[in-house]
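Residue-level listing of the chains:
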Amino acid sequence: MSRLYRSFLVMSFMLSALLLHGQDSRTVAFDTDWRFRKDGLIKAEGPAYNDTRWRKLDVPHDWSIEDLPVQIPDSILGPFAKGAVSGRDGGFLVGGTAWYRKHFTLDKRSAGKKTYITFDGVYMNADVWVNGHHLGNHPNGYTSFSYDLTSFLLPVGTSNVIAVQVKNEGVNSRWYSGSGIYRHVWLTTVNPLHIDLWGIYITTPSVTDQLATVSVQTTVQNPSGKDAFTLRTQLFTPSGKLAGTATQLVTASGDRTNPITQTISVADPRLWSPETPHLYRATVQILQAGKLIDETTTLVGIRSIHIDAKTGFSLNGKPMKLRGGCIHHDNGPLGAAAIDRAEVRKIELLKQNGYNALRLSHNPPSPQLLDACDRLGMLVIDEAFDMWVKPKTPQDYHLYFNEWWQRDLQAMVLRDRNHSSIFMWSLGNEITESADSSGYAIGKQLSDAVRRLDATRPITMAIPLFITYFNKGKKWEDTYPSFANLDVAGYNYADSKYEGDHEKFPDRVMYASEYFPPKGLENWLKVEALPYVIGTFSWTAMDYLGEAGLGAPRVVKQEAQKSTGGGLLGGGSGSDLFLKPSWPIFNAYTGELDLIGTKKVNSHYLDVVWKRSAVELLVHKPIPDGYKEANFFYNFPDQLKSWSFPGAEGKKMSVFVYSRAQKVTLELNGKVVGEQTLTPKSITAVFDVPYQPGTLIARSYTDSQETGTDTLQTVGKPVSIRLKADRTTINASRNDLSYVSVDVIDADGHVVPYVDDLLINYQIAGSGQIAGVANGNPADVSSFQRPQKKVFHGRGMVIVQPKGGPGTVTLTAIANGLKNGSINLTTK
């Protein structure tokens, strides 16, 4: 992807964000100039409260990723604390209670109009006041919510105050949630007669290559109940040409009209798919006497989805196998802050590594991530809940489910249903009561509620094999009534049940909603062989904060090794089912990509499984004498793309070769040192090779024809630091970022992968600032924000954020004994 094209993409994403929020005519970003204080003892909701000494910042903001005060017990110089209430599941990061306040003044254009505030996401338990009036409490940390401010605003030209108290208290999540107003905030000003918030619903009920029907349903707020108006909808092609118009005269009655449906026929439509993510633009206008009263614009892709047990999954009439992964919502060193560019980059990386589908685990994402999926072409399962009535942690959403599930489910579906990338709604993940009668009833309520809001997409849920482990006395068959509520069945770690369940339920469509990364081949072979199994979603596509060490490599003293299995999933005691590595460690390390986006063994393995690569060559890192590996279900043996192990000369190294070919050979310094035959169900060859520097080559063969090669070469000593930006020219907006890779290299420019403990210091000057520093090490609990960080396997990363104005940025990297690295960036 060229730098020019990347810059164009970022600009188009920013335009997309404006359009999807109706910002072209009625909505403005409300992100800047907030005041912040972390303090659970004060009461700061009143307009007269003195906040002049509070810290000023912009949102999105996540306070839990920031460095802790030095007086926090058990903390180090960074955001982590061994004694954090969140513990291992929360990545040893710290929550608490904090306040945000923002002063604002409306101009004359707001007079006589209605004003709404919308929060894309606040984690969690947000109480909101305007001018001292309590607008409400919103417990869910992931769903968007709005308030009508109109009745409580002061006259035009007078200062108003929004106050938000955020409470992330107790143990309320099984992964890192982040804390604060971590997504965008919007202010919408409209006439009394206006299109409702989330009041546009676009579907494509009929799609062929020759002709498509686009249906646009609009809900209008009409407080007087007497205003007649004209509703005009225009559809524009991806290139900006008018594709069609629908106009209707509406005589309204009551406070809210019934939804008004208009249809537009599109000849020779450009269809949306992961390969061709074409987006049309639908502009809906309210007109009275020829005057524009309100207008919104929505981007939409024209596409059709069909799923059945005989033909599998089809998009636009073409069969497709889902190469999927699960992801959590955090952005690594930025924490949960949903900065636009971070969301876009995440999807870019996953597209580049072969994914065509994502399961958003286990909550609704930011709108910006869905915008990225629409723009770049990534299919999405949008998931609502991780629990219903029965808890998974003491203070989690189960406390609010009965009161809030309908509102939160509605918020997800109404907000997200125009995203072309979304192809399924998920009711939940590993819901504890899905094997009992209460769960059957709740699942029916939820599925019915979703279908009332959007009947165009199938409904799914992820039910795990180990559901019986958490429900003593239950059998797998007890989940069948829960599956009956669904259109498509999500099987977590339960591929062994496919064939038997298919015999009982021949019309059931299944997929691996989660699987252990080392089991990628077994799961994918069933997708290739069984039409009713439509895809796989690994746990996980990228590393994430929390569930610390779930997939990290494990070594133990040989005499001290215990079982690493447990319960239904292995041969150990039940207490070993989910091993909990000890401090210090903060991320799960289950990802195909690490925290900075570097490929791990999991990803190279999937390249072979998905036939994106003919052969992949990796080498096991040396294990210290007296120790042995004690791997868990989620991690591969600890392997690197490296043949550089100084000090290991003569020591036998385990060399792994992955291929779906019939045979592989291994060469060291021009001599064949091994050959192995592979089978369709066994694609891993392991060779013991005494280490000596040089060139290691793996070759793959089928029917005596060479199908591929992979080469590792011993690198030289580290001599310098190389900085390389994903984009050297970025927008001056605070929503843009430049991701700068930091490589320790030899004289020939090769990364030196055995450099792990080298501390690099950074200096930055100009129109940018360091938003985060990181590496791929799951146990490096140092600061993400100080201008220094060690590299891991010779690699690190610096994230540069514009200060808000145009100019140049110079980033310099300095380390003892190495030539400095430097790079210039431009903000405009």
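Structure: above.
Owing to the predicted nature of the structure, the values given are computational and were not obtained by experimental measurement.

1. A few points about the overall build of the protein
Within the protein, the regular secondary structure consists of ten helices and 47 strands. Per-residue burial for the protein yields a buried fraction of 62% across its 828 residues. When contacts within the protein are restricted to residue pairs at least 6 apart in sequence, those whose partners lie at least 24 apart make up 72%. For the protein, the accessible surface area stands at approximately 31,400 Å², while carbon and sulfur atoms represent 51% of it.

2. Examining helix α2 (residues 340-352)
Taking 1.5 Å as the rise per residue, α2 with 13 residues should run 18 Å; its terminal C-alpha atoms sit 19 Å apart, in good agreement. A large share of α2 lies buried, amounting to eleven of its 13 residues. What α2 keeps buried is the set D340, R341, A342, E343, V344, R345, K346, I347, E348, L349 and L350. A positive phi of about 100 degrees marks G354, the residue just after α2.

3. Considering the pattern of salt bridges
Inspection of the entire model under this criterion finds 43 salt bridges. Note that R508 and D501 form a salt bridge whose closest N and O atoms lie 3.5 Å from each other. Judged on exposure class, the residue R508 and its partner D501 are both buried. We note a salt bridge from E675 to K663, for which the minimum N-O separation is 4.0 Å. Here K663 lies in strand β34 (residues 663-668) and E675 lies in strand β35 (residues 671-677), a separation of twelve residues in the sequence. Since its relative accessible area comes to 52%, E675 is described here as exposed. Connected through salt bridges with shared partners, the residues R174, D386, K392 and E547 form a single ionic network.

4. Things to note about the side chain of K526
When you line up the elements, K526 lands in helix α9 (residues 520-529). At 2.9 Å, the side chain of K526 forms a polar contact with the backbone oxygen of D495. Every residue in contact with K526, bar those within four places of it in the chain, is listed here: D495, S496, Y498, E499 and V533.

5. Some details on the packing of helix α4 (residues 401-416) against helix α5 (residues 437-453)
Running from N to C, α4 and α5 point in directions that differ by 30 degrees, and their axes come no closer than 10 Å. Relative to α5, the element α4 is oriented roughly parallel. When you trace α4 past α5, the crossing you get is right-handed. Of the residues in α5, those in contact with F401, W405, L409, Q410, V413 and L414 of α4 are I442, Q445, L446, A449, V450 and L453.

6. Observations regarding the sheet that holds strand β11 (residues 194-207)
Taken together, three strands build an open sheet; the order of strands is β11-β12-β15 and the sheet is antiparallel. The open sheet is flanked by β11 and β15 (260-267), the only strands paired with a single partner. Neighbour to neighbour, the strand axes of the sheet diverge by 20 degrees on average, direction disregarded. By the bridge criterion, eight bridges tie strand β12 (residues 211-221) to β15 in an arrangement that is antiparallel. Within β15, the residue paired with T213 across the bridge is S265.

7. Notes on the sheet that holds strand β8 (residues 145-148)
The four strands are arranged β1-β10-β5-β8 in an open sheet whose pairing can be described as antiparallel. Both edges of this open sheet fall to β1 (27-29) and β8, since each of them pairs with a single strand only. On average, each strand axis in the sheet is tilted by 25 degrees relative to the strand beside it, whichever way the strands run. Across three bridges, the pairing between β1 and strand β10 (residues 185-190) is antiparallel. Counterpart to A29 in the pairing with β10 is W186.

Conventions used here
Throughout this description, residue numbers start from 1 for each chain and increase along the sequence as written. Selection of residues for local features in this predicted model requires a pLDDT of at least 70, selection of side-chain atom pairs for listing and counting requires 80 or more, and totals for whole chains, interfaces and linings are taken over all residues. Heavy atoms from the whole structure form the basis of all side-chain values; hydrogens and water molecules are not counted. Secondary structure elements follow DSSP: runs of H or I of four or more residues count as helices, runs of E of two or more count as strands, with numbering from the N terminus. For the exposure calls, accessible area comes from a 1.4 Å probe over protein chains only, and a residue counts as buried if that area is under 20% of its type's maximum, exposed if over 50%, partly exposed in between. Pairs of residues are marked as contacts when any of their non-hydrogen atoms sit within 4.5 Å. Only the protein chains shown count as covering a residue, and every accessible area follows the Shrake-Rupley method with a 1.4 Å probe. Here a helix's expected span is defined as the number of its residues, less one, multiplied by 1.5 Å. Within this document, salt bridges are pairs made up of a side-chain nitrogen of Lys or Arg and a carboxyl oxygen of Asp or Glu, the two lying within 4 Å of each other. For this analysis, a polar contact is any N or O atom pair within 3.5 Å, provided that within protein one partner can donate a hydrogen and the other can accept it, and provided that sequence-adjacent residues contribute only side-chain to side-chain pairs. Angles run from 0 to 180 degrees between N-to-C directions of axes, and those axes are lines fitted to C-alpha atoms, restricted for helices to the stretch in contact. These descriptions rest on fixed angle ranges, namely under 35 degrees for roughly parallel, over 145 for roughly antiparallel, 65 to 115 for roughly perpendicular, and the rest for oblique. The sense of a crossing depends on the near helix, which, turned anticlockwise from the far helix by less than a right angle, makes the crossing left-handed and, turned clockwise, makes it right-handed. Note on pairing: two strands pair once DSSP finds at least 2 bridges between them.

Treat this as a map of the structure, not an account of what it does.
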